[in-house]
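Next come the chains, spelled out residue by residue.
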Amino acid sequence: MIQSSATLAPAPTSRAARVAPVVRHAVRTGALGAEHPVAGFVDVEGVRESVADLQAAFDAAASGAAPGVLHTFAAKAASLIPVLRLLADSGMGCEVASPGELRIALDAGFAPSAIVFDSPAKTRDELRQALALGVAVNADSFSELRRVDELRPEGCASVLGLRVNPQVGTGSIGAMSTATATSKFGVPLRDPGARERVVRAFAERPWLTRLHAHVGSQGCPIELIAAGIAETYRLAEEINATLGVRQVTSIDIGGGLPVNFDGDEVRPTFAEYARALREAVPGLFDGSYALVTEFGRSLLAKNGFIAALVEYTKDAGGRRVAITHAGAQVATRTVLMPDAWPLRVGAFDADGLPKDAPVLPQDVAGPCCFAGDVVAHARELPELEEGDIVVLYDTGAYYFSTPWAYNSLPYPAVHGYTVSGGGEVRLAPVRPAQTLDEIAAASGLAHAGALTGLLAPA
Ligand SMILES: *Cc1c(COP(=O)(O)O)cnc(C)c1O
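Residues numbered from 1 in each chain as written. Predicted model: local features only at pLDDT ≥ 70, side-chain atom pairs only at ≥ 80, totals over all residues. Heavy atoms only, no water.

**Focus on the UniProt feature "active site" (unreviewed entry) in the protein chain**
Let me state the cut-off plainly: UniProt positions are given in the numbering used here, feature names are shortened, and annotations may be inferred rather than shown by experiment. Runs of E in the DSSP output that reach at least two residues are strands. Runs of H or I that reach at least four are helices, and both are numbered from the N terminus. Throughout, a contact is declared for two residues whenever any of their heavy atoms are within 4.5 Å.
In the numbering used here, UniProt assigns the "active site" (unreviewed entry) feature to C369. Within the element layout of this structure, C369 appears in the loop between β14 (359-365) and β15 (374-382). Not counting residues up to four positions away in its chain, the partners in contact with C369 are Y406 and N407.

**A look at the site of the ligand**
To be explicit about the condition: Proximity is defined per residue: if any heavy atom of the residue lies within 4 Å of a molecule or strand, that residue is considered near it. Any pair of N or O atoms that falls within 3.5 Å is considered a polar contact. Within protein, one atom must be able to donate a hydrogen and the other to accept it, and sequence-neighbouring residues count only if both atoms are side-chain atoms. Here the open area of atoms and residues is found with the Shrake-Rupley method and a 1.4 Å probe, where only the protein chains shown may cover a residue. When residues are grouped by polarity, Ala, Val, Leu, Ile, Met, Phe, Trp, Tyr, Cys and Pro land in nonpolar, Asp, Glu, Lys and Arg in charged, and all others, Gly among them, in polar.
The environment of the ligand is made up of 14 residues, and the closest members are K76, G256, E294, R297 and Y398. Within the side chain of E294, one N or O atom sits 2.7 Å away from a nitrogen atom of the ligand. Separating an oxygen atom of the ligand from a side-chain N or O atom of Y398 is a distance of 2.5 Å. Expressed as a share of its isolated accessible area of 390 Å², the protein-covered part of the ligand is 92%. Residue classes in the shell around the ligand are distributed as three nonpolar, five polar and six charged.

**Some points on the domain arrangement of the protein chain**
Stated formally: The source of the domain bounds is an automatic or database domain assignment. Buried surface area refers to the total accessible area, computed with a probe of radius 1.4 Å, that the two partners give up upon joining, counted for both partners together. Each reported salt bridge corresponds to a side-chain nitrogen of Lys or Arg within 4 Å of a carboxyl oxygen of Asp or Glu.
According to the domain assignment, the protein chain contains domain 1 (6-39 + 303-436) and domain 2 (62-295). Contact with domain 1, which involves 19 residues of that partner, is made by 16 residues of domain 2. A buried area of about 1,400 Å², summed over both sides, lies between domain 1 and domain 2, and 65% of it is on carbon and sulfur atoms. A per-residue breakdown of the area domain 1 buries against domain 2 is headed by W341, R344 and Y398, which together make up 35% of the total. Counting the contacts that link domain 1 with domain 2 gives one salt bridge. The residue R344 makes a salt bridge to D264 at a minimum N-O spacing of 2.9 Å. In this structure, the connection of domain 1 to domain 2 is made through four residue pairs in polar contact (both at pLDDT 80 or more). For the side of domain 1 that touches domain 2, a count of residues per class yields 11 nonpolar, three polar and five charged.

**A word on the nonpolar core**
Selection criterion: Definition of nonpolar core: a set of buried residues of the types Ala, Val, Leu, Ile, Met, Phe, Trp, Tyr and Cys, connected through side-chain atoms within 4.5 Å. Accessibility here uses a 1.4 Å probe with only protein chains present; expressed as a share of the type maximum, an area under 20% marks a residue as buried, one over 50% as exposed, and anything in between as partly exposed.
Grouped together as the largest cluster of nonpolar side chains are 113 residues, with contacts concentrated most on F73, L87, V198, L277, L284, L299 and L300. No other element matches the 10 residues that helix α8 (residues 222-243) contributes to this core. Of the residues that make up this core, three or more belong to each of domain 1 (6-39 + 303-436) and domain 2 (62-295). Among residues more than four places away in sequence, those in contact with L299 are S50, V51, L54, F73, M92 and F270.

**Re the packing of helix α6 (residues 142-151) against helix α7 (residues 194-203)**
Inclusion rule: Axes here mean lines fitted to C-alpha atoms, for a helix over just the part in contact, with angles spanning 0 to 180 degrees between N-to-C directions. Roughly parallel refers to an angle under 35 degrees, roughly antiparallel to one over 145, roughly perpendicular to one between 65 and 115, and oblique to any angle outside these ranges.
Following both chains from N to C, one finds α6 and α7 inclined at 10 degrees, their axes separated by 12 Å at the closest point. The orientation of α6 with respect to α7, classified from their angle, is roughly parallel. On the side of α6, the interface is formed by F142, L145 and R146, while α7 contributes A194, R197, V198 and A201. Here the residues of the contact of α6 with α7 sort into five nonpolar, no polar and two charged.

**Quick notes on the packing of aromatic side chains**
To keep it simple, the criterion reads: Between rings of Phe, Tyr and Trp, where Trp is taken as its six-membered ring, a pair exists when centres lie within 6.5 Å; planes separated by under 30 degrees are stacked, by over 60 edge-to-face, and by other angles tilted.
This structure, assessed with the given rule, holds 11 aromatic pairs. With 5.7 Å between their ring centres and 75 degrees between their planes, Y233 and Y289 make a pair best called edge-to-face. In this pair, Y233 is assigned in helix α8 and Y289 in the loop between α9 (270-280) and β10 (290-295), connecting sequence segments 56 residues apart. Assessed through its relative accessible area of 14%, Y233 is described here as buried. For the ring pair F270 and F295, a centre distance of 5.3 Å and an interplane angle of 65 degrees mean the geometry is edge-to-face. Note that F270 is positioned in helix α9 and F295 in strand β10, a separation of 25 residues in sequence. In terms of burial, F270 and F295 fall into one category: buried. Pairwise contacts between aromatic rings join F58, F270, Y273, F285 and F295 into one cluster.

Structure, rendered in structure tokens:
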């Protein structure tokens, strides 16, 4: 579980080998230290490598007439404009699920035609805006389709789809499983009469041309995800056969590929996933449907890490505890569901060098004021001391980019990095840490006297 030993150092060009020089550099330059006790880091080359892996995997799976594939990135997995810009520059589109995500996708430079809007709770105003822009919209329900009927402008450029839930089952994390019988997402295909209603909905709407399913995510085996997509493909074929025209022209297969949090290697790979898909649904790659993907975690998780200062250590009930600045505010899922979301932890010394000390079991705790704010329990690590640095690996998606405002803790700074062949590290700012003024403003500073004012005599 520990990867701080120099003897285990992988090849210098690998993603994993880039972490240590960046920690060292961040400590030397003060990006990490007393003034900045926690920060997030994004591996810029790593992101580009992951995008290339994804593109290559789908290209390789396509036989002869390659289908058009729009790979979109699920913005919620790393909702940071410079990261989205990097992805746009790598040829990706963007999947958004809120007005905020749509706004940052546009700010990042994605063309509206490369944006897909999914959300189970789209308001009329949000739909109106997306349809006016020409952003693709996947309706989550028949009720939403009826709103689109009303709101769709003349000559609307948006590709319009319907999200279905193939109800293929649950992975190992219930809260992460989108294709259960009672999931809140999409039209449940196995409910009585649902398939017929879907076919009718398409028959009544010649502009409805896409089927969408997002089956996953973390904890779901790829065979389960592939089974869900196979079911969606069969439905597309059924709709087109029943209508006698190929009205469904594209299938959005969502994201949801799980990530291994227990090692540096990537498991499963995009290539393995594309092969599993091809086996389960050969027709998907024969060019008869354009494809859309919406990967998030699998593109970014391994391309980011959190580094945090050890502020104190103590012994409690025979357990060594390191109190660090990375807790539930940046690793919310890991702290609240430690069994479902374990993270690897690395130990570095105050100079940012891999820690060389006897190993003992330690709790790696955070700064939040609740007892469960622990990111790793009884973890075997080189003995940590005040001033050391801990690294939480594989946290490029849904961690530092999705902070929790508990204890009025600031969201941390995020830096992007590259490491040259000669080992030279370059950092670029992605997001500054939240300031105390910003925390005060977000905490109602402008209305400080509003409640006492209500009590004052009129
Ligand atoms: C969250 C989400 C994704 C991305 O999921 P990952 O597990 O991060 O790949 C894609 N599509 C939809 C509709 C989502 O809600």
